Amino acid sequence: MNSIAEALKNRIIFCDGGMGTLLQQRGLKGGEQPERWNIDKPEIIVDIHTAYLNAGADIITTNTFGANSIKFGDQGKNSAENVIAAGVANARKAVDAYGAEGKFVALDIGPTGKLLKPLGDLDFEDAVNVFAHAVRCGVKSGADLVLIETMSDSYEARAAIIAAKENCSLPVIVSFVFDENGKLLTGGSPETAVIMAESLGVDAVGMNCGKGPHLMKKLLPRLLKTASVPVLVNPNAGMPRAENGKTVFDISPDEFASVMREIAEMGAGIVGGCCGTTPEYIRKTSELCAGIKWKTPDNQPRTLVSGNTNVVEIGDRPVIIGERINPTGKPKFKKALADNDIEYIFNEAIRQKEGGADILDVNVGLPEIDEKKILPEVVSRLQAVVDLPLQIDTADPAAMEKALRVYNGRAIINSVNGKRESMDAIFPIAKKYGGVTVALLLDENGIPDTVQGRMDIALKICSEAEKYGIDRHDIIFDALTLTVSSDETAPATTLETVRRIRTELGCGTVLGVSNISFGLPQREYINSTFFALALQSGLTAAIINPLSAAMISTYRSFLALNQMDSACRSYVEYASQLKTVIQQSEVKTSNEERAGDSLVDAIVHGLKDGAVSAAEELLKNNAPMDIVNNSIIPSLDRVGKDFEKGTVFLPQLLMSAEAAKAAFEVIKNAIAASGNKNEKIGRIILATVEGDIHDIGKNIVKVLLESYNFDVIDLGRDVPAQVIADKVKELNVPVVGLSALMTTTVPSMEATIKLLRKTSPECKVCVGGAVLTQEYADMIDADKYCPDAMSTVTFAQQIYNV
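> Honestly, the sheet that holds strand E21 (residues 683-688) in this entry has me stumped. Any pointers?
What holds strands together in a sheet is hydrogen bonding between their backbones, with the strands either parallel or antiparallel. On the basis of which strands lie adjacent, the open sheet formed by five strands has the order E22-E21-E23-E24-E25 and parallel pairing. Strands at the two margins of the open sheet, each flanked by one partner only, are strand E22 (711-714) and strand E25 (784-785). Relative to E22, E21 is paired through four bridges, and the arrangement is parallel. The residue bridging Ile 684 from the neighbouring strand is Val 712, located in E22. Helix H26 (residues 696-707) rests against E21, E22 and strand E23 (735-739) of the sheet, and its axis sits at about 165° to E21. Helix H28 (residues 746-759) contacts E23 and strand E24 (764-768) of the sheet and is inclined by roughly 175° relative to E24.

> Quick question: what am I supposed to make of the sheet that holds strand E10 (residues 270-271) here?
Reading across the sheet, the eight strands line up as E1-E10-E7-E6-E5-E4-E3-E2 and stay open at both edges, with parallel pairing between neighbours. Every interior strand has two partners, whereas the edge strands, strand E1 (13-14) and strand E2 (59-61), have only one. Pairing of strand E5 (residues 172-176) with strand E6 (residues 204-209), which is carried by four bridges, proceeds in the parallel orientation. Residue pairing across strands places Val 174 opposite Val 205, the latter belonging to E6.

> For this particular structure, what's the right way to read the packing of helix H15 (residues 397-406) against helix H16 (residues 420-433)?
Geometrically, a packed helix pair is captured by the angle between its two axes and the distance between the axes. Where H15 contacts H16, the two axes come as close as 10 Å, and the packing angle between them is 5°. Judged by the inter-axis angle, H15 sits roughly parallel to H16. Contacts from Pro 397, Glu 401, Leu 404 and Arg 405 in H15 reach Ala 425, Ile 426, Ile 429, Lys 432 and Tyr 433 in H16. Residues that form the contact of H15 with H16 fall into these classes: six nonpolar, no polar and three charged.

> Explain the packing of aromatic side chains to me, please; I cannot follow it from the model alone.
Per the stated rule, a full pass over the model turns up seven aromatic pairs. With 5.4 Å between their ring centres and 80° between their planes, Phe 256 and Tyr 281 make a pair best called edge-to-face. Of this pair, Phe 256 sits in helix H10 (residues 253-266) while Tyr 281 sits in helix H11 (residues 279-288), and the two are 25 residues apart along the sequence. We classify Tyr 281 as buried; its relative accessible area is 8%. The ring of Trp 37 has Lys 41 lying over it, and the distance from NZ or CZ to the ring centre is 4.2 Å.

> Just checking my understanding: could you explain the nonpolar core for this structure?
Burial of nonpolar side chains together is a common tendency in soluble globular proteins. In this structure, Phe 176, Phe 477, Phe 531 and Ile 632 are the most contacted members of the largest nonpolar core, which totals 233 residues. At twelve residues, helix H25 (residues 650-673) tops the list of elements feeding residues into this core. Those residues in contact with Phe 176, other than ones at most four positions away along the chain, are Met 151, Ser 154, Ala 157, Leu 184, Ala 193, Met 196, Ala 197, Val 205, Gly 206, Met 207 and Asn 208. Core analysis: the next-biggest nonpolar cluster, separate from the first, contains 28 residues, Val 719, Ala 725, Val 765 and Ala 777 among them.

> Help me understand the side chain of Asp 361, please; the structure alone is not making it clear to me.
Here Asp 361 lies in strand E14 (residues 359-362). Despite being buried, Asp 361 has no salt bridge partner; Lys 330 is the closest side chain of opposite charge, sitting 8.3 Å away. For Asp 361, the side chain forms a polar contact with the side chain of Asn 414, separated by 3.5 Å. The residues touching Asp 361, leaving out its near neighbours within four places in the chain, are Ile 321, Gly 322, Ile 325, Asn 326, Gln 391, Asp 393 and Asn 414.

> What am I meant to see in the pattern of salt bridges here?
For side chains bearing opposite charge, pairing can occur when the charged atoms are close. Tallying each qualifying case throughout the model produces 46 salt bridges. For Glu 377, the salt bridge goes to Arg 381, with nearest N and O atoms at 3.4 Å. Separated by four residues within a single helix, Glu 377 and Arg 381 lie in helix H14 (residues 371-383), roughly one turn from each other. On the accessibility criterion, Arg 381 (30% relative accessible area) is partly exposed. A salt bridge links Asp 781 to Arg 757; the nearest nitrogen and oxygen atoms lie 3.0 Å apart. Of this pair, Asp 781 sits in the loop between helix H29 (774-779) and E25 while Arg 757 sits in helix H28, placing them 24 residues apart in sequence. Of the residues examined, Arg 757 reaches a relative accessible area of 22% and is grouped as partly exposed. Linked by salt bridges that have partners in common, Asp 254, Glu 280, Arg 283, Lys 284 and Glu 287 make up one network.

> Looking at this structure, how should I read helix H18 (residues 490-505)?
The periodicity of an α-helix, 3.6 residues per turn, causes residues three or four places apart in sequence to face the same way. Here H18 contains 16 residues, and its C-alpha end-to-end distance of 22 Å stays within 8% of the 22 Å for a straight helix at 1.5 Å per residue. All of the buried residues along H18 are Ala 490, Pro 491, Thr 493, Thr 494, Leu 495, Thr 497, Val 498, Arg 500, Ile 501 and Leu 505. Among the structural elements, helix H17 (451-467), strand E18 (475-478), strand E19 (508-512) and helix H19 (523-536) are those in contact with the buried residues of H18. Within two residues after H18, Gly 506 carries a phi angle of roughly 70°, on the positive side.

> Please explain the pairing of E18 as it appears in this structure.
Within a regular beta strand, the side chains point alternately toward one face of the sheet and then the other, so they alternate between its two faces. By the alternation rule, side chains of E18 split into Ile 475 and Phe 477 and Ile 476 and Asp 478, which are all buried. Once you follow strand E17 (residues 436-440) into H17 and on to E18, the crossover reads as right-handed. Summarising the sheet, E18 and E19 pair through three bridges and their orientation is parallel. From the neighbouring strand, Asp 478 faces E19, where its bridge partner is Val 510. Handedness of the crossover is the feature at issue here: the chain leaves E18, passes through H18, returns alongside E19, and the resulting connection is right-handed.

> Please explain the side chain of Arg 500 as it appears in this structure.
If you trace the backbone, Arg 500 turns up in helix H18. For Arg 500, a relative accessible area of 16% gives the class buried. Among the polar contacts listed, one links the side chain of Arg 500 to the side chain of Gln 452, at a separation of 3.1 Å. Not counting residues within four places of it along the chain, the set of residues in contact with Arg 500 comprises Val 451, Gln 452, Met 455 and Leu 505.

> Explanation requested: the pairing of strand E16 (residues 412-417) in the structure shown.
Summarising burial for E16: six of the six residues are buried, a large majority. Note: strand E15 (residues 390-393) against E16, three bridges, orientation parallel. Across the sheet, the residue bridging to Gln 391 is Ile 412, located in E16. Note that the unit made of E15, H15 and E16 has a crossover that is right-handed. Both E16 and E17 contribute to a ladder of five bridges, which runs parallel.

> Is there a simple way to think about unusual backbone geometry in this case?
Negative phi is the rule for most residues except glycine; trans is the rule for most peptide bonds. The peptide bond linking Lys 117 to Pro 118 adopts the cis configuration, its omega dihedral lying at 10°. Within the secondary structure layout, Pro 118 lies in the loop between strand E3 (104-109) and helix H6 (124-141). Following Asn 414, the chain continues into Ser 415 via a peptide bond in cis, with omega recorded as 20°. When you line up the elements, Ser 415 lands in strand E16. Residue Thr 150 is not a glycine yet carries a positive backbone phi of 60°. Mapped onto the elements of the fold, Thr 150 is located in strand E4 (residues 145-151). A relative accessible area of 10% places Thr 150 in the buried class. Despite not being glycine, Gln 563 shows a phi value in the positive range, around 60°.

Thresholds, definitions, all that
- Residues numbered from 1 in each chain as written.
- Predicted model: local features only at pLDDT ≥ 70, side-chain atom pairs only at ≥ 80, totals over all residues.
- Heavy atoms only, no water.
- Pairing = 2+ DSSP bridges.
- Helix = DSSP H or I, 4+ residues; strand = E, 2+ residues; numbered from the N terminus.
- Contact = heavy atoms within 4.5 Å.
- Axes fitted to C-alpha atoms, helices over the stretch in contact; angles between N-to-C directions.
- Parallel < 35°, antiparallel > 145°, perpendicular 65-115°, else oblique.
- Nonpolar A, V, L, I, M, F, W, Y, C, P; charged D, E, K, R; others polar.
- Phe/Tyr/Trp six-rings, centres within 6.5 Å; stacked < 30°, edge-to-face > 60°.
- Buried < 20%, exposed > 50% of the residue type's maximum accessible area, 1.4 Å probe, protein only.
- Lys NZ or Arg CZ within 6 Å of the ring centre and 35° of its normal.
- Core = buried A, V, L, I, M, F, W, Y, C linked by side-chain atoms within 4.5 Å.
- Lys, Arg positive; Asp, Glu negative; His and termini not counted.
- Salt bridge = Lys/Arg side-chain N within 4 Å of Asp/Glu carboxyl O.
- Polar contact = N/O pair within 3.5 Å; in protein donor to acceptor, adjacent residues only side chain to side chain.
- Expected span 1.5 Å × (residues − 1).
- Right-handed = clockwise from strand over helix to strand, strands pointing away.

Here it is as structure tokens:
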């Protein structure tokens, strides 16, 4: 990190604290945009920056958290560009006036407030463009580094990091906000967040905001174990609460500093504060942490891949890569691709996950398919349905880059080989987007017949990768499986190459196992036996069909026999499941029962087209409302309960809700065709309060409420209290849901509730948002605090006695 990296060699680096907290103390009104003060009241902003510098802060963050083209657009003097320029200038003025070495201006970039497609309505590249504009403005104005913070969605964070890396050469830090369970809003973990961010080349990674330093102290070991760059920790001063009618935070400067010292001693390299922390918090923290040196991470290199919520290590315990998302030799798959039937691919993914796959290979290559268009679409949409990491499989480097760009996590890149043309095309992409690269042991001379010939290619690939800064642990070598029917020595050559790659280079290995039996009858006998031999030789990843009982039985048995399955638990569970599947296949079921199960499965797995087809089938023999009550609602309840338990995450929850809405639409049309009316349960108004443009939470609630057949009136974001009150009065709506993300906009929520109590006292109000607590909700006279979307649905059901 340039000079920051130099500073870290000697001591901990200190960030400043909360800006919004101090602006409220200086008169910032509820709903007022704090970034406008950069232009309207610059002397106050400079004064706050100076106070933090005097308190010991090394990094001064600009007052530009929400200064983006979505929020500000072209507002004349208050355009995003002008607000950012003024914000950097104010910080620069304070730092330059302070005069000491080792002080830095960080361009502060917060979230857009929108959810990205396919879960939301903001396109990934549009998000990149929004962040890129902010970065260019900040760099032009003189920022020293880029701080991307308060990211609750790793996919949005990815867009911001890519924008920063493509539009500046400054150091880039990214910071996430985790809940008390260590989860991002969209389900990611500290491990998946760090792996994704590091794969894109950030200079530091960390966490901010949240529930305070005590929670972050618990989460810190997980970040430190995964990260190889400095870790930043900037907590809130606890959580807000009411005291004499005012908002205060529940952790004092002394307590905060004491915990922050422990955090620094554990290995955090950059520490500071967020909401509620004042210069006094930073002063006490810097004094108490003075003299502590940053501990360079000594984590051993590991080969890690990740999706949005799942991490897989390719190491001593072999992993399964599902091979079925590939059109080769699959007429139905080819037809699905030609027809753009993406849900066919979804079903293949779901079945392979249920079959035990750890990673899914994704190949959509057909001559008549525009792979550069289809592959990134499939990758993006597939990640909303299954949480397994993906292996992106294409011979087209342009298609590979487009798919990697939108991949939320760290993928496997399949593949590179020893040909100069291949390495020149793939390694720059692998370096830019990160990933673990499959390396085929062939070159311009073809596939060597000898083990040493293949080892020589492996060494050549490692040497070339090092020129790009790619470690050999980020390469897994494919020793190449050739068919035994044409060369009886081929298996021995492959197995010995696998063994030597593992023992001599210490790298991972992968094989497309089923190639061994090509042209032979009863191929599974050969496949499963060769698979066992390969595992014994040190194979770390196998590309196989996870729906093959013979292959998975071999795999489960190998794990049990090699001390990789404690007490044989996984083997026993697998054997039990296999017995159940056999028994179920012998039981005859009616078409109606199958359709009902199909609708439940479609909703649970978030398959819209499947839900529509199943609902249409059920309507042939069932009353519309029976389908709603017996299949749709129970399916949503099942997913909702799994979400509350933490076994299902936001992407799957939203996809399930969309599938249920699609099924509801079929039911509604059937009711209309019969001459009857489809009665909604009741109306509910949703709004993000004035001054707040972050409507992710509100939009999630909307999707779920609509899937439960509520009539949702969405007033949008940055909605004045009077507008909300007038709409409640006009439509006589009995329940309102209010959302706010920032501490600076919570007063607008309180003002809205006060107005509703006067104009519509019978109306019930529920509130939600990252900065809210039960105590705070009580203080502002809300009827219900809803910590998540499902609790809002439950509250609405209670109001309407559902």
